[in-house]
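# Chains, contacts and geometry: an overview
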Amino acid sequence: MRLTIFWERMADHFGPAYADSFARDHVMAELGGRTVHEALDAGWEAKDVWRAVCAAMGVPAEKR
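As the structure is a prediction and not an experimental result, all values here were calculated from the model. (Residues numbered from 1 in each chain as written. Predicted model: local features only at pLDDT ≥ 70, side-chain atom pairs only at ≥ 80, totals over all residues. Heavy atoms only, no water.)

What follows covers helix α1 (residues 3-14). Between the first and last C-alpha of α1 there are 16 Å, a value that for 12 residues agrees with the 16 Å anticipated at 1.5 Å per step. Restricting attention to buried positions, one finds in α1 the residues Phe6, Met10 and Phe14. Along the axis of α1, the buried residues cluster in a sector spanning 45°; they form a single face. Seen from the buried face of α1, the exposed residues on the opposite side, beyond 90 degrees, are Thr4 and Glu8. (Helix = DSSP H or I, 4+ residues; strand = E, 2+ residues; numbered from the N terminus. Expected span 1.5 Å × (residues − 1). Buried < 20%, exposed > 50% of the residue type's maximum accessible area, 1.4 Å probe, protein only. Arc of directions from axis to C-beta.)

Laid out in structure tokens, this is it:
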């Protein structure tokens, strides 16, 4: 998954204003105690980060 698609999905689910705030501030156990930004900066694949967000936040199947 390309980062542009990842961020489009984040904005679609959380809203454009909240997506970056969530990615910056929400520490997720599914990401090893990292935020979305930290996981991406650490080299995690965007698709794996998206799957973790989906699992943790109950993203509906049709948006996954």
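What follows is about the environment of threonine 4. Structurally, threonine 4 is set in helix α1. Threonine 4 sits 52 residues away from alanine 56 along the chain, and the two C-alpha atoms are 21 Å apart.

All right, on to the packing of α1 against helix α2 (residues 16-25) then. Their axes nearest at 7 Å, the elements α1 and α2 cross at an angle of 110°. On the basis of the axis angle, α1 is roughly perpendicular to α2. Judged by the sense of rotation from one axis to the other, the crossing of α1 with α2 is right-handed. In this structure, α1 uses Trp7, Met10, Ala11 and Phe14 to contact α2, whose residues at the interface are Pro16, Tyr18, Ala19, Phe22 and Ala23. (Axes fitted to C-alpha atoms, helices over the stretch in contact; angles between N-to-C directions. Parallel < 35°, antiparallel > 145°, perpendicular 65-115°, else oblique. Left-handed = near helix turned anticlockwise from the far one by under 90°. Contact = heavy atoms within 4.5 Å.)

Structurally, the position occupied by leucine 3 is in helix α1. Looking at leucine 3, the relative accessible area reads 45%, which means it is partly exposed. Along the primary structure leucine 3 and aspartate 41 are separated by 38 residues, whereas in three dimensions their C-alpha atoms are 12 Å apart. Ignoring anything within four residues of it in the chain, the contact list for leucine 3 reads Leu40 and Ala46.

Time to look at the packing of aromatic side chains. The full count for this structure, using the stated rule, is five aromatic pairs. A ring pair is formed by phenylalanine 6 and tryptophan 7, whose centres lie 4.9 Å apart and whose planes are at 80°; its orientation type is edge-to-face. In this structure phenylalanine 6 comes out as buried when scored by relative accessible area, which is 0%. Aromatic pair phenylalanine 14 and tyrosine 18: ring centres 5.9 Å apart, planes at 65°, arrangement edge-to-face. Taking the relative accessible area as the measure of exposure, phenylalanine 14 reaches 16% and is therefore buried. Since its relative accessible area comes to 43%, tyrosine 18 is described here as partly exposed. (Phe/Tyr/Trp six-rings, centres within 6.5 Å; stacked < 30°, edge-to-face > 60°.)

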